[in-house]
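Inside the fold
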Protein chains: 2
Amino acid sequence: MANPTAAMLVIGDEILSGRTRDSNMHHLAGALTKHGIRLAEVRVVPDEPAAIIAAVRALSEAHDHVFTSGGIGPTHDDITADCIADAFETPIDIRDDARARLQAHYDATGMELNESRLRMARIPDGAALIDNPISAAPGFILRNVHVMAGVPVIFEAMVASVLSGLTGGDPILSQSLRINLGEGEIAGELSALAEDFPSLSIGSYPFMKDGIYGTQIVIRGTDAAGIDSAMTRLSRAFPDDAA
Amino acid sequence: MANPTAAMLVIGDEILSGRTRDSNMHHLAGALTKHGIRLAEVRVVPDEPAAIIAAVRALSEAHDHVFTSGGIGPTHDDITADCIADAFETPIDIRDDARARLQAHYDATGMELNESRLRMARIPDGAALIDNPISAAPGFILRNVHVMAGVPVIFEAMVASVLSGLTGGDPILSQSLRINLGEGEIAGELSALAEDFPSLSIGSYPFMKDGIYGTQIVIRGTDAAGIDSAMTRLSRAFPDDAA
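Okay, the packing of helix α2 (residues 24-35) of chain B against helix α7 (residues 152-163) of chain B next. All names here are of chain B. The N-to-C vectors of α2 and α7 enclose an angle of 15°; their axes lie 10 Å apart at closest approach. Considering the angle they form, α2 stands roughly parallel to α7. In this structure, α2 meets α7 at a crossing whose hand is right-handed. Note on element contacts: α7 touches α2 through Pro152, Phe155, Glu156, Val159 and Leu163, opposite Asn24, His27, Leu28, Ala31 and His35. Residues that form the contact of α2 with α7 fall into these classes: six nonpolar, three polar and one charged.

Turning our attention to the pairing of strand β2 (residues 38-45) of chain B. It is a general feature of regular strands that their side chains alternate between the two faces of the sheet. Across the eight residues that make up β2(B), a large majority, eight, are buried. Alignment of strand β2 (residues 38-45) of chain A against β2(B), held across three bridges, turns out to be antiparallel. Residue pairing in the sheet places A:Val42 in a bridge with B:Val44 of β2(B). Pairing between strand β1 (residues 5-11) of chain B and β2(B): seven bridges, direction parallel. In the strand pairing of β2(B), B:Val10 is matched with B:Val44.

For these two chains of identical sequence, chain A goes onto chain B by a turn of 180° and a shift of 0.0 Å along the axis, with RMSD 0.0 Å. The superposition of one copy onto the other is thereby described by a two-fold rotation axis. In terms of proximity to the rotation axis, the leading residue of chain A is A:Arg43, whose C-alpha is 2.2 Å off the axis. Looking at the interface residues of chain A, 100% of them are also at the interface in chain B, so both copies use one shared face.

With that out of the way, let us pick up α7(B). Residues and elements named next belong to chain B. The terminal C-alpha atoms of α7 lie 16 Å apart, and with twelve residues this matches the ideal 16 Å at 1.5 Å per residue to within 8%. Along α7, the residues classified as buried are Ile154, Phe155, Met158, Val159 and Val162. The buried residues of α7 occupy one face: seen down the axis, they fall within an arc of 135°. Of the exposed residues in α7, those oriented more than 90 degrees away from the buried face are Val153 and Ala160. Looking at the packing, one finds that the buried side of α7 touches α2, β3 (65-69), β6 (128-130), β7 (139-142) and β8 (145-148).

So, on to the environment of B:Asp241. Residues and elements named next belong to chain B. Here Asp241 lies in the segment after α9 (224-237). Spatially, the C-alpha atoms of Asp241 and Arg178 are 8.2 Å apart, while their sequence positions differ by 63 residues. For Asp241, the residues in contact, after removing those within four places along its chain, are Ile179, Asn180 and Leu181.

Moving on, we come to unusual backbone geometry. All names here are of chain A. One non-glycine residue, Ala136, lies in positive phi territory at about 75°. Take Ala136: it is sitting in the loop between β6 (128-130) and β7 (139-142). With a phi angle near 50°, Arg143 is a residue other than glycine that sits in the positive phi range. One can find Arg143 in the loop between β7 and β8 (145-148). Note on Arg143: 15 C-beta atoms within 10 Å, which makes it partly exposed.

The next point concerns the sheet that holds strand β9 (residues 173-179) of chain A. Hydrogen bonds between backbone groups are what pair the strands of a sheet, and the pairing can be parallel or antiparallel. Residues and elements named next belong to chain A. Strand order in the open sheet formed by three strands is β9-β11-β10, with antiparallel pairing between adjacent strands. Of all strands in the sheet, those bounded by a partner on one side alone are β9 and β10 (201-209). Taking each pair of neighbouring strands and ignoring which way they run, the sheet shows an average axis angle of 20°. Relative to strand β11 (residues 212-221), β10 runs antiparallel, the two being bridged by nine bridges. Bridge pairing links Lys209 to Ile212 in β11. Against the sheet, helix α8 (residues 183-196) touches β9, β10 and β11, its axis set at about 170° to β10. In the packing of helix α9 (residues 224-237) onto the sheet, contacts are made with β9 and β11, and the angle to β9 comes to roughly 5°.

A separate point is the domain arrangement of chain A. According to the domain assignment, chain A consists of domain 1 (5-163) and domain 2 (173-237). Computed from C-alpha coordinates alone, the two centres of domain 1 of chain A and domain 2 of chain A are separated by 37 Å.

If you check α8(A), its first and last C-alpha atoms are 19 Å apart, about what 14 residues at 1.5 Å a residue would give, namely 20 Å. Approximately 30° is the largest bend angle found in α8(A), and it occurs at A:Glu189. Those residues of α8(A) lying buried are A:Glu183, A:Gly184, A:Glu185, A:Ile186, A:Ala187, A:Leu190 and A:Leu193. In this fold, the buried residues of α8(A) make contact with β9, β10, β11 and α9 of chain A together with α6 (115-118) of chain B.

All names here are of chain B. As paired strands, strand β9 (residues 173-179) and strand β11 (residues 212-221) are joined by seven bridges and run antiparallel to one another. Each residue of the ladder has a partner; that of Ser176, found in β11, is Val218. Between strand β10 (residues 201-209) and β11, which follow one another and run antiparallel, lie two residues, and Asp210 among them has a positive phi close to 50°.

Before going further, it helps to spend a moment on the interface of chain A and chain B. Listed per partner, the contact involves 44 residues of chain A and 44 residues of chain B. Sorting the residues of the side of chain A that touches chain B by element identifies α1 (13-16), α2 (24-34), β2, α6 (115-118), α8, β10 and β11 of chain A as the ones contributing at least two each. By residue class, the composition of the side of chain A that touches chain B is 17 nonpolar, 16 polar and eleven charged.

Moving on, we come to the packing of helix α3 (residues 49-62) of chain A against helix α4 (residues 80-87) of chain A. All names here are of chain A. Between α3 and α4, the least distance of the axes is 9 Å, while the angle of their chain directions is 55°. Judged on the interaxial angle alone, α4 and α3 are oblique. The hand of the α3/α4 crossing is right-handed. Residue-level inspection shows Pro49, Ile52, Ile53, Val56 and Arg57 of α3 in contact with α4, the latter providing Thr80, Cys83, Ile84, Asp86 and Ala87. Looking at the contact of α3 with α4 residue by residue, the classes come out as seven nonpolar, one polar and two charged.

Procedures and definitions
Residues numbered from 1 in each chain as written. Chains lettered and ligands numbered in written order. Predicted model: local features only at pLDDT ≥ 70, side-chain atom pairs only at ≥ 80, totals over all residues. Axes fitted to C-alpha atoms, helices over the stretch in contact; angles between N-to-C directions. Helix = DSSP H or I, 4+ residues; strand = E, 2+ residues; numbered from the N terminus. Parallel < 35°, antiparallel > 145°, perpendicular 65-115°, else oblique. Left-handed = near helix turned anticlockwise from the far one by under 90°. Contact = placed C-beta atoms within 7 Å. Nonpolar A, V, L, I, M, F, W, Y, C, P; charged D, E, K, R; others polar. Buried ≥ 20, exposed ≤ 12 C-beta atoms within 10 Å, placed from the backbone. Pairing = 2+ DSSP bridges. Least-squares fit on C-alpha atoms with pLDDT ≥ 70 in both. Expected span 1.5 Å × (residues − 1). Arc of directions from axis to C-beta. Domains from an automatic or database assignment. Bend = angle between axes of the 7 residues up to and from the residue.

Okay, structure coming up:
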């Protein structure tokens, strides 16, 4: 596929301990697919510098874009910005432009921009800021890494803002077909179909509903005519069971 | 921490395309924490041999246990078993014990154990089978890698069966405290607390409810008395706002 590839890095002990159910991965996956960017890998790591730095370097090298979520707040476990700077050996300090955004936000809300909150203005040299329409503390873009908040409502706003500035590939299209047969009954035909349409991704997802075994087939790719042909052939192969 | 560490590998295009919202990670995270095993990393990769093999090798080397989900069904995109065998350069073929389980299941349900379904009896040499109480097709354990189904109800049954056979570490305990102040107000105290209790993990999760900014603090670790002390100090530090 000619589509750009992306990786996501989810940062946070709370996901790995089972305390919090991550929702950012699913959101980003859908948004990237719509934008014609293929999400090729996700990693979840704890709030530990060595783990974050190693993952950032590996993912940044292997993919066109990297998106991180989590660890950019004001507390001791918010270490993402410093780790990104470390990963690229870039200096980091409180930056005036980020500080000004925080100052305006706290002035408006009557809260104090104290030392802890000032940590959120630590931005690596040369990074571009990402707007935070909810709580002002910005994300940032350094090289091909987009650093965003973990709080879902802020993460989602930042994704929308970032994707509008990225060139996607051809839209990744999909069609699906429900077949009221178990995967094992249709696997042979699916395998032949996958061989004949190597540019398409053909996924098969079993379900059981009302006591009936069935399979949802999803065909994805950028070739609309190819997807149509493959779907037509598939529904003709199972004329009595395709819904 | 003296607790064993684990990694999870989620295998499947459907997660990365945004079609399916993974729930197995959250389930496994909670189950491991209860069992005293620390989930230290999760990766999500597509149905591509090179990606699966590289991830299995890296995770198996870095952690005490690896748990995979997805890709062990009967269709062309179910390639996990072969990739695990490749990763460890272990021969793989249809194994009689796995075939017997499938045969009994399909005999009982009046379905045919055809060539596609027989793929689910492909098990690497020397692997131990993991029971599948739902649809018979077994998972397996090769070295420190536990290979399980992606369908959540089967995954969860396999996790329960596998964990009963694994020695966990000390239970990972946690206590939480709600403080009706924004993270930025309490970050200084939290940071000092984290320094004074280096064996504990102190997490801070902001929320906004009914127009009030608040923070949920979660203190985790295996030292029950330490957690009690840290919690007592924290609630005394914010006597008017800790709930």
